[in-house]
Amino acid sequence: MARVLVVDDEPNILISLEFLMQQAGFDVVTAEDGEQAMNCVHQAKPDLILLDISLPGISGFDVLEQLRQDCTTATLPIIMLTAHGREVEREKGMALGADDYITKPFSTQALVEKVNALLTETRP
């Protein structure tokens, strides 16, 4: 069973995404800020991350950048999931190495399909 790390500082969104990913058959780990996310990555070893940009402390962009610079997490699939839909933010996320960039609100079915597609591409 693939493990998904969901990182969001909004409790309602975190709970909703956790439930959605569990219903889709994933083992789910959650984090509410960038520091927790970094700890979870190294302890829980997720197969994919759903990462919000606006986080207290370390931003989602900073988390993404740190993960891409670490050889052990450089290829970890990361989907940026954010209310920031401006093109400049999308371009920044993709330039920093995000595998996808989804703006809120989003289709839950489309999100599950993207997660499955990325995991299929990256897992043996």
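This structure is a prediction, so every number in the text was calculated from the model and none was measured.

**Observations concerning the overall build of the chain**
- Along the backbone of the chain there are 5 helices and 5 strands.
- Written out in order from the N terminus, the α and β elements of the chain read β-α-β-α-β-α-β-α-β-α.
- Since a compact globule built from 124 residues should have a radius of gyration of about 14 Å, the 13 Å found for the chain is in line with a globular shape.
- Considering only C-alpha atoms, the chain reaches an extent of 30 × 30 × 25 Å along its principal axes.
- By residue count, 44% of the 124 residues in the chain fall in the buried class.

**Observations concerning the confidence of the model for the chain**
- Mean pLDDT over the chain works out to 93, with 98% of the residues at or above the 70 mark.
- When the elements of the chain are averaged for pLDDT, helix H4 (residues 87-95) gives the smallest value, 88, and strand E2 (residues 27-31) the largest, 98.

**With respect to helix H2 (residues 34-44)**
- Listed as buried for H2 are Gly34, Ala37, Met38, Cys40, Val41 and Ala44. The buried residues of H2 occupy one face: seen down the axis, they fall within an arc of 165°. Within H2, the exposed residues directed more than 90 degrees away from the buried face are Glu35 and Gln43.
- For H2, the side-chain oxygen to backbone nitrogen distance between the N-cap and Glu35 is 3.1 Å, and the N-cap itself is Asp33.
- A positive phi of about 50° marks Lys45, the residue just after H2.

**Overview of the sheet that holds strand E5 (residues 100-103)**
- A sheet is described by the order of its strands in space; here 5 strands give the open sequence E2-E1-E3-E4-E5, paired in parallel fashion. Every other strand in the sheet has two partners, leaving E2 and E5 as the edge strands with one partner each. Across the sheet, the mean angle from the axis of one strand to that of its neighbour is 20°, orientation sign disregarded.
- Note: strand E1 (residues 3-7) against strand E3 (residues 48-51), 4 bridges, orientation parallel. From the neighbouring strand, Val6 faces E3, where its bridge partner is Leu50.

Reading the values: the criteria
Residues numbered from 1 in each chain as written. Predicted model: local features only at pLDDT ≥ 70, side-chain atom pairs only at ≥ 80, totals over all residues. Heavy atoms only, no water. Helix = DSSP H or I, 4+ residues; strand = E, 2+ residues; numbered from the N terminus. Rg over C-alpha atoms; globule rule 2.2 N^0.38 Å. Buried < 20%, exposed > 50% of the residue type's maximum accessible area, 1.4 Å probe, protein only. pLDDT = per-residue confidence, 0-100. Arc of directions from axis to C-beta. Polar contact = N/O pair within 3.5 Å; in protein donor to acceptor, adjacent residues only side chain to side chain. Pairing = 2+ DSSP bridges. Axes fitted to C-alpha atoms, helices over the stretch in contact; angles between N-to-C directions.

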